[in-house]
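Structural description and commentary
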Amino acid sequence: MFVSKMIDEKKRYRTYKARTAALPQPYRASIDALERYLMYFGPGKGSELMLMLEDLADLFETAAADGTPVAAIVGEDPVEFAEAFRLNYPVGDWIIRERERLTRAIAEATAN
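In this report, we go over the structure that sits alongside the text. Residue indices follow the written sequence of each chain, beginning from 1 at its first position. This being a predicted model, a pLDDT of at least 70 is required before a residue's local features are given, and a value of 80 or more before pairs of side-chain atoms are given or counted; all residues contribute to the totals for chains, interfaces and linings. Remark: hydrogens and water are excluded; side-chain values derive from all non-hydrogen atoms of the structure.

A word on the overall build of the protein
- A run of DSSP states H or I qualifies as a helix once it reaches four residues; a run of E qualifies as a strand once it reaches two. Both are numbered from the N-terminal end. Within the protein, the regular secondary structure consists of six helices and zero strands.
- Tracing the protein from N to C terminus, the helices and strands come up as α-α-α-α-α-α.
- A radius of gyration in this sense is built from C-alpha atoms; the matching globule rule multiplies 2.2 Å by the number of residues raised to 0.38. What you see for the protein is a C-alpha radius of gyration of 17 Å, clearly larger than the 13 Å of a compact globule of 112 residues, by over 25%.
- In terms of principal-axis extent, the alpha carbons of the protein reach across some 60 × 40 × 15 Å.
- Residue exposure (1.4 Å probe, protein chains only): buried if accessible area is under 20% of the type maximum, exposed if over 50%, otherwise partly exposed. Going through the 112 residues of the protein one by one, you find that 28% of them count as buried.
- For the protein, contacts bridging at least 24 residues in sequence account for 71% of all contacts bridging at least 6.
- Under the convention used here, Asp and Glu are negative, Lys and Arg are positive, and both His and the chain ends fall outside the count. Here the site of a charge means NZ on Lys, CZ on Arg, CG on Asp, or CD on Glu. Across the protein, 15 positive and 18 negative side-chain charges occur, with their mean positions spaced 8 Å apart. Contact definition: two residues touch when any of their heavy atoms are within 4.5 Å.

Here it is, written out as structure tokens:
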């Protein structure tokens with residue numbers, strides 16, 4: 001089961017990469033930069049990360065087809081855009097788990 005799941009996620013990632021490679025510039029370069037950022041700060045689980053990346057590809061494909069400029073997608077602050085986008089996919093987010101772990105540890109330490 002585990003191996004099958006990994007293979008499916010790998011296929012999804014390859015499909016996603018093919019979709020983004022087909023985007024015209026500057027959409028391709030922009031989504032590559034966002035992907036790099038989201039890989040570090042996005043969901044920790046592969047399936048959640050893939051869902052997020054596929055949604056990002058949908059957004060950029062639609063924008064490219066409509067001729068919407070990248071600046072109209074990400075706004076003036078690309079980091080703000082990436083953070084707002086990332087917050088839509090909190091499941092498996094490693095930072096959420098670490099925040100909860102910290103809160104529990106302090107609560108347990110001060111309970112005595």
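Concerning helix α3 (residues 46-66)
- Each residue after the first adds 1.5 Å to the expected span of a helix. Look at α3: 30 Å from first C-alpha to last across 21 residues, which is about the 30 Å you get at 1.5 Å a residue.
- Considered for burial, the residues of α3 that qualify are Glu48, Leu49, Met50, Met52, Leu53, Glu54, Leu56, Ala57, Phe60 and Ala63.
- Just downstream of α3 lies glycine 67, where phi reads positive at about 80°.

Considerations on helix α5 (residues 78-86)
- Residues of α5 that are buried: Phe81, Ala82, Phe85 and Arg86. Each buried residue of α5 lies within a common arc of 130° when the element is viewed along its axis, so the set occupies one face.
- Residue aspartate 77 occupies the N-cap position of α5, its side-chain oxygen lying 3.1 Å from the main-chain nitrogen of valine 79. Working note: the arc is built from the helix axis to C-beta atom directions. Two N or O atoms form a polar contact when they lie within 3.5 Å of each other; inside protein one atom must be a possible hydrogen donor and the other a possible acceptor, and for residues adjacent in sequence the pair counts only when both atoms belong to side chains.

Here's the deal with the pattern of salt bridges
- The working definition used for a salt bridge is a side-chain nitrogen of Lys or Arg within 4 Å of a carboxyl oxygen of Asp or Glu. Summed over the entire model, instances satisfying the criterion amount to five salt bridges.
- Notably, a salt bridge pairs glutamate 35 with lysine 17, separated by 3.1 Å at the nearest N-O pair. Of the two residues, glutamate 35 is situated in helix α2 (residues 27-41) and lysine 17 in helix α1 (residues 2-21); the sequence distance between them amounts to 18 residues.
- Notably, a salt bridge pairs aspartate 58 with arginine 19, separated by 2.4 Å at the nearest N-O pair. Residue aspartate 58 is located in helix α3, and its partner arginine 19 is located in helix α1; the two are separated by 39 residues in the primary sequence.
- Taking the relative accessible area as the measure of exposure, aspartate 58 reaches 37% and is therefore partly exposed.
- Each of Arg19, Asp58 and Glu61 takes part in a single network of salt bridges with overlapping partners.

What about the packing of aromatic side chains?
- Pairing of aromatic rings covers Phe, Tyr and Trp, the last counted by its six-membered ring, and requires centre-to-centre distances within 6.5 Å; plane angles under 30 degrees mean stacked, over 60 mean edge-to-face, and any other angle means tilted. Taken as a whole and assessed by the stated rule, the structure comprises three aromatic pairs.
- Where phenylalanine 81 meets phenylalanine 85, the ring centres are 5.9 Å apart and the plane angle is 25°; that geometry is what we call stacked. Of this pair, phenylalanine 81 and phenylalanine 85 both sit in helix α5, four residues apart, which is roughly one turn of that helix.
- Their ring planes at 45° and their centres at 5.5 Å tell us that phenylalanine 85 and tyrosine 89 sit as a pair that is tilted. The burial state of phenylalanine 85 is the same as that of tyrosine 89; both residues are buried.
- Pairwise contacts between aromatic rings join Phe81, Phe85 and Tyr89 into one cluster.

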